[in-house]
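One-letter residues, chain by chain:
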Amino acid sequence: MRFLVEADGGSRGNPGPAGYGAVVKDADGRVLAESAEAIGTATNNVAEYRGLIAGLESLLALGGEGASAEVRMDSKLVIEQMAGRWKIKNEGLRPLALEAGALARRLRVTWKWIPREQNSHADRLANEAMDAAAKGLKWESTGVAASVTAPITPSAPVTPSAPATLFEAVTPSELVTPSGTVTPSGGVAPERAESRGEDRTEGKAGTRAEGNGWMPRPTRVATSFLLLRHGETPLSVEKRFSGLGDPSLTPKGRVQAEAAALRLSREPYAIDVIVSSPLTRARQTAEAVAARTGVPVRIEQDLREADFGAWEGHTFAEIQRSWPAELAAWIGDPSVAPPGGESFAAAGQRVERARDRIIAEHEGRTVLVVSHVTPIKLLVRFALMAPPEALYRMHLDVACLSVIDYYADGPAVVRALNDTAHLG
């Protein structure tokens, strides 16, 4: 089945109060899912990327991995950047582009620019979300879209198969976590409010302003965490749970570690401290950076991967056959641990302890933290003050780089996620 995704975003001020909208349709144009959200103060381009990400997530929930779709937007900038024809010059957009690209790689996507008047459905949703936010409300679906003559139900129920992005060996492509029940929706469009100007160039996405959606400018120097996931291991190749088991890097994993080390030894990076998980795969990755930078490696026990207990070394399919009830409980509740293992809630407590110790000891410094999927995802989740479900919405490749800045008098700021530019 081939799908159609239409997405848009707007800002009333550029930057100003912003929102996005996205709709997924079948090949006949019938609406299968809609999403919209106000995102505080942002630029047009940030809102457009957020709309694209929402549309791709809805498509994954409906069609699953490998679903085929044409993605249509009236943002020439976003379409050309996602198609690889335009470079991303605004660093504020790069994390959003990386997130959208990671989702697109799990699908079969073609990109198409369309005139603004042909993107009216997604534009309407974005405006509805902004209108609702202006009234202190949250956007909600209001009914069945006019193009739908009967409720559209996917051919198979969409259910999460496993929180694949949380453990070492299984790739994010093995998980589809729907945000909720998918229902056809839409309704009568309200009178359109102007959402944006006609400037289609990159906005100042990194501009901070007082008010809803952005933090005040902090007054202290940040403590920067450069979060580096270790390189490839035999278990990650075979997509097996890899927690406290201690495999070494593969030859390819060593090459990945060296590529990361080369990048981190150059400008604009200036690493003051290297902290690593005690597990071999992380230490090998950290030592590659240490050899390039001359900065010694310090071991932090609380940065180890989660303990998967009896599931260590097994594939998800094997666990599903042998421990179906335990697996279902683990997926549904972060306080539930695998048999003989550690829950994500417990892992989160020790990761927070490690974070607080490192910040206290190295305030205002740049710290390279070499760790694993679970600890890195937890640090990002805590920085965003996001719910546990947010862990399932992130994707981390082997040897990827993420960045968080911590301010003593302000909130943490996530500056990058799953950056793999050094891997070529």
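The structure we're discussing is the one just above.
The rules behind the values
- Residues numbered from 1 in each chain as written.
- Predicted model: local features only at pLDDT ≥ 70, side-chain atom pairs only at ≥ 80, totals over all residues.
- Heavy atoms only, no water.
- Salt bridge = Lys/Arg side-chain N within 4 Å of Asp/Glu carboxyl O.
- Helix = DSSP H or I, 4+ residues; strand = E, 2+ residues; numbered from the N terminus.
- Buried < 20%, exposed > 50% of the residue type's maximum accessible area, 1.4 Å probe, protein only.
- Pairing = 2+ DSSP bridges.
- Axes fitted to C-alpha atoms, helices over the stretch in contact; angles between N-to-C directions.
- Contact = heavy atoms within 4.5 Å.
- Core = buried A, V, L, I, M, F, W, Y, C linked by side-chain atoms within 4.5 Å.
- Phe/Tyr/Trp six-rings, centres within 6.5 Å; stacked < 30°, edge-to-face > 60°.

Participant: I'd like to hear about the pattern of salt bridges, residue by residue, with values.
Facilitator: Tallied over the full model, the rule gives 29 salt bridges. In this structure, the salt-bridge partner of E258 is R292, at a minimum N-O distance of 2.6 Å. With E258 in helix α6 (residues 251–264) and R292 in helix α7 (residues 280–293), this residue pair connects regions lying 34 residues apart in the sequence. Residue classification places E258 among the partly exposed residues on the basis of a relative accessible area of 31%. Given a relative accessible area of 43%, R292 falls into the partly exposed group. With a shortest N-O distance of 2.6 Å, R298 and E361 are connected by a salt bridge. In this pair, R298 sits in strand β8 (residues 297–299) while E361 sits in helix α10 (residues 344–361), placing the two residues 63 residues apart along the sequence. Overall, R298 belongs to the partly exposed group, its relative accessible area being 24%. What emerges from the salt-bridge pattern is a single network uniting R298, E300, D302, R304, R353, R357 and E361.

Participant: How would you explain the sheet that holds strand β5 (residues 108–113) if you had to name every residue and give the values?
Facilitator: Taken together, 5 strands build an open sheet; the order of strands is β3-β2-β1-β4-β5 and the sheet is mixed. Only two strands of the sheet have a single partner each, and these edge strands are β3 (31–42) and β5. The sheet shows a mean angle of 20 degrees between the axes of neighbouring strands, direction not considered. The strands touched by helix α1 (residues 44–63) within the sheet are β1 (2–11), β2 (16–25), β3, β4 (68–73) and β5, with β1 carrying the most contacts at an inclination of about 155 degrees.

Participant: With reference to specific residues and values, describe the nonpolar core.
Facilitator: In terms of nonpolar packing, the biggest core is built from 37 residues, with Y49, L52, L56 and L59 touching the most fellow members. Counting only elements with at least two residues in this core, the list comes to β1, β2, β3, α1, β4, α2 (76–82) and α3 (94–104). When residues of this core are assigned to their parent elements, the largest contribution, 10 residues, is made by α1.

Participant: Break down the packing of aromatic side chains for me, with residues and values.
Facilitator: Inspection of every chain in the model, using the stated rule, returns 8 aromatic pairs. Each ring, one from F225 and one from Y406, has its centre 4.9 Å from the other, and the planes form 65 degrees; the classification is edge-to-face. Here the residue F225 occupies a position in strand β6 (residues 223–229), and Y406 occupies one in strand β10 (residues 401–406), the gap between them amounting to 181 residues. Ring plane angle 85 degrees and centroid distance 6.3 Å describe the contact between F308 and W330, whose orientation is recorded as edge-to-face. Placement of F308 in the loop between β8 and α8 (316–322) and of W330 in helix α9 (residues 324–332) is noted, with a sequence separation of 22 residues between them. Judged by relative accessible area, which is 0%, W330 ranks as buried. Of the aromatic side chains, those joined through ring pairs into one cluster are F241, F308, W311, W323, W330 and F344.

Participant: Please set out the sheet that holds β6 residue by residue, giving values where relevant.
Facilitator: Read across the sheet, 6 strands follow the order β8-β7-β9-β6-β10-β11 without closing on themselves; strand pairing throughout is mixed. Either end of the sheet is taken by a strand with one partner, and the two such strands are β8 and β11 (413–419). Averaged over all adjacent pairs, the angle separating strand axes in this sheet is 20 degrees, with direction ignored. Against the sheet, α10 engages β6, β7 (273–276), β8, β9 (366–371) and β10, with an angle of about 135 degrees to β6.

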